[in-house]
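# Results of the structural survey
Chain residues, written in single-letter form:
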Amino acid sequence: MILRPHSFLRLYSSTAGNGLKILRTISEVRAWRRTALESSQDVSLVPTMGALHSGHEALVQAAKSLTDKTIVSIFVNPSQFAPTEDLDQYPRTLDSDLELLTRLGADAVFVPSVEDLYPSGIPLDQSRQVGAFVTVQGLSEQLEGQVRPQFFRGVATVVTKLLNIVEPERVLFGQKDAQQCVVVKRLVKDLHINSVVHVVPTVREASGLALSSRNAYLTEQVRQDAAVIYAGLNQGLELYRSGETNPELIINRIKDTIKTKFNDIEYVTVSDLETLQDIKGKIWPIKGALISLAVRVPNQFGDQTRLIDNILL
Ligand code: AMP
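Residues numbered from 1 in each chain as written. Predicted model: local features only at pLDDT ≥ 70, side-chain atom pairs only at ≥ 80, totals over all residues. Heavy atoms only, no water.

## Here we look at the pattern of salt bridges
By the definition in use, this model includes 12 salt bridges. Here arginine 148 ties to glutamate 85 by a salt bridge, and the two come within 2.9 Å at their closest N and O atoms. Separated by 63 residues along the polypeptide, arginine 148 in the loop between helix 6 (144–147) and helix 7 (151–166) and glutamate 85 in the loop between strand 4 (69–74) and helix 4 (94–104) bring together distant segments of the chain. It is possible to trace a salt-bridge network through shared partners that takes in Glu144, Glu266, Arg296 and Arg306. (Salt bridge = Lys/Arg side-chain N within 4 Å of Asp/Glu carboxyl O. Helix = DSSP H or I, 4+ residues; strand = E, 2+ residues; numbered from the N terminus.)

Here you go:
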């Protein structure tokens, strides 16, 4: 028999291995959720785009420790990609994702279709999109939003849809995407969504490189060189700990470290933890700060891949 992509999904139509329920429609998720509620079991949701790695694994493990039931969603969300971005190229590894989730003991996985999640359709060109979308004003335009103006509208929209469908007691995100965490926390607060947001620390390779599904685009050499990104962030942290509170000097130290390997630094920013506005002049230790950055590195397709990372001061 020839196994095509997603064969695992078809072979194990509703349950994989020891009890991972594969839910493909919104009504299946709602029925699963209702059963949990009827047996007084609380639920954590871990939203992902698949191509699961140890970073996602940490979220699932944290979820399992928080609630009776854990559901993971796997959905490569078109609305957060610009027409020029890597939606088609984004790694899709559903068979091994399902195997990993089975091994981890997740209870259910939601693998929706684009049509189900976007009943009004979802052209990538934002000017042609119709229907309901969610924006979190004031937190979505800076940092990643400056380079990817459509990104957080897409994230906020899909997260709202998933929270409305699953209605989990808890929802988990990785600190790796720090701005996403701030945006989602505000979304949940302002829209009175009845879920608690948890942030799980970034999982890294031994070299310090933050794990990311997009690391699969890199050559081995670039992957090794990319350790310089976290090394740079740590140099910034050390400088701050030695008493330096001028964000410009901290940023310069980080850039100098990264430039030993990569020249295309998109941004390195020291921001307020709540407003995500640039901190000018002085970092106040009592308030802390977020250093975040994006670097473009060469990839194996002769193009560039953006790597993002951050550290808390
Ligand atoms: P993604 O599949 O890339 O959309 O990520 C799904 C979730 O996993 C998001 O909350 C991410 O922040 C989180 N995540 C991705 N990479 C890591 C990592 N290296 N460590 C911790 N969480 C991560």
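## Some remarks on the sheet that holds strand 9 (residues 290–298)
Read from one edge to the other, the open sheet built from 3 strands follows the order 8-9-10, with strand pairing classed as antiparallel. Single-partner strands in this sheet number two, and they are strand 8 (265–271) and strand 10 (304–312). Ignoring strand direction, the axes of neighbouring strands in this sheet form an average angle of 15 degrees. As judged from the 6 bridges shared by strand 8 and strand 9, these two strands associate in the antiparallel manner. (Pairing = 2+ DSSP bridges. Axes fitted to C-alpha atoms, helices over the stretch in contact; angles between N-to-C directions.)

## A closer look at the packing of helix 2 (residues 26–38) against helix 7
Running from amino to carboxyl end, helix 2 crosses helix 7 at an angle of 50 degrees, the nearest separation of the two axes being 8 Å. Compared by their axis directions, helix 2 and helix 7 come out oblique. Across the interface between the two elements, Ile26, Val29, Arg30 and Arg33 from helix 2 touch Asn164, Ile165 and Val166 from helix 7. (Parallel < 35°, antiparallel > 145°, perpendicular 65-115°, else oblique. Contact = heavy atoms within 4.5 Å.)

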